[in-house]
Amino acid sequence: MDKPLIEIVFIVASVLIILAWGVGILVFAQVTVKHLEREMGKEGIEPPRWDRGVGMRLAMYSTIILRPNYPDTNPLVNVAAIKRHSRKIDWFLSMWLRVSFALLCLVSLIYFIFFDQ
């Protein structure tokens, strides 16, 4: 049975968005996280020990970078150091990560509501 054109478009869009999100994760981890942890290491601040291999700190760093009024009371990461060492490119990469993930969720939701059989 042939799929309608709109369903094929959604599948292609989903694949492109998944790729954009994956590239966003890789670039954010390699550029922003490495920069932040290198600069914090110069100050004697170690990366979070609770996040060995899981990657949850990526979401936390991204949230802190995107929200300039984020409170400094987070016990899991050093918020003040992240704010101090983040650059403009880190903001753009963080936004890329968040927008691509939101689009992925939206396209997946639309696909499963309208095209899942």
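Just above sits the structure.
For clarity, every value in this text was computed on a predicted model and none was experimentally measured. (Residues numbered from 1 in each chain as written. Predicted model: local features only at pLDDT ≥ 70, side-chain atom pairs only at ≥ 80, totals over all residues. Heavy atoms only, no water.)

It is at 9 Å that the axes of helix 2 (residues 56-66) and helix 4 (residues 88-114) come closest, and there the two elements cross at 120°. For the element pair helix 2 / helix 4, the angle class is oblique. Considering how the two elements wind past one another, helix 2 and helix 4 form a crossing that is left-handed. Here helix 2 contributes Ala 59, Ser 62, Thr 63, Ile 65 and Leu 66 to the contact with helix 4, which in turn contributes Asp 90, Trp 91, Ser 94, Met 95, Leu 97 and Arg 98. (Axes fitted to C-alpha atoms, helices over the stretch in contact; angles between N-to-C directions. Helix = DSSP H or I, 4+ residues; strand = E, 2+ residues; numbered from the N terminus. Parallel < 35°, antiparallel > 145°, perpendicular 65-115°, else oblique. Left-handed = near helix turned anticlockwise from the far one by under 90°. Contact = heavy atoms within 4.5 Å.)

Time to look at the packing of aromatic side chains. Taken as a whole and assessed by the stated rule, the structure comprises 3 aromatic pairs. Relative to Phe 101, the ring of Trp 21 has its centre 5.4 Å away and its plane inclined at 40°; by these criteria the two rings are tilted. Of this pair, Trp 21 sits in helix 1 (residues 5-42) while Phe 101 sits in helix 4, and the two are 80 residues apart along the sequence. The exposure class assigned to Phe 101 is partly exposed, which follows from its relative accessible area of 38%. Judged by centre distance (5.6 Å) and plane angle (75°), the ring pair of Tyr 111 and Phe 112 falls under edge-to-face. (Phe/Tyr/Trp six-rings, centres within 6.5 Å; stacked < 30°, edge-to-face > 60°. Buried < 20%, exposed > 50% of the residue type's maximum accessible area, 1.4 Å probe, protein only.)

On to the side chain of Ser 100, then. Among the structural elements, Ser 100 can be located in helix 4. The residues touching Ser 100, leaving out its near neighbours within four places in the chain, are Ile 17, Ala 20 and Trp 21.

It is worth spelling out the nonpolar core at this point. Among the nonpolar cores identified, the biggest contains 16 residues, and Phe 28, Leu 36, Met 40, Tyr 61, Ile 64, Val 77 and Ile 82 are the most heavily contacted of them. Sort the elements by how many residues they give to this core and helix 2 lands first, with 5 residues. Those residues within four positions of Leu 36 in sequence are excluded, and the remaining contacts are Tyr 61, Ile 65, Ile 82, His 85 and Ser 86. If you look at the next biggest cluster of nonpolar residues, it comprises 6 residues, including Phe 10, Ile 17, Tyr 111 and Phe 115. (Core = buried A, V, L, I, M, F, W, Y, C linked by side-chain atoms within 4.5 Å.)

Owing to its 3.6 residues per turn, the α-helix brings residues three or four apart onto one side. For helix 2, the full list of buried residues reads Arg 57, Leu 58, Met 60, Tyr 61, Ser 62, Ile 64 and Ile 65. Against helix 1, helix 3 (79-85) and helix 4 lie the buried residues of helix 2.

Looking now at the pattern of salt bridges. Scanning the model with the defined rule gives 6 salt bridges in all. The closest approach of N and O atoms between Arg 49 and Glu 46, which form a salt bridge, is 2.7 Å. Ionic pairing is found between Asp 72 and Lys 83, a salt bridge with its closest N-O pair at 3.2 Å. Within this pair, whereas Asp 72 is found in the loop between helix 2 and helix 3, its partner Lys 83 is found in helix 3, the two being separated by 11 residues in sequence. (Salt bridge = Lys/Arg side-chain N within 4 Å of Asp/Glu carboxyl O.)

Another point: the environment of Arg 67. The residue Arg 67 is located in the loop between helix 2 and helix 3 in this model. Taking the C-alpha atoms as reference points, Arg 67 and Lys 83, 16 residues apart in sequence, are found 9.4 Å from one another.

In short, geometric facts, not functional conclusions.
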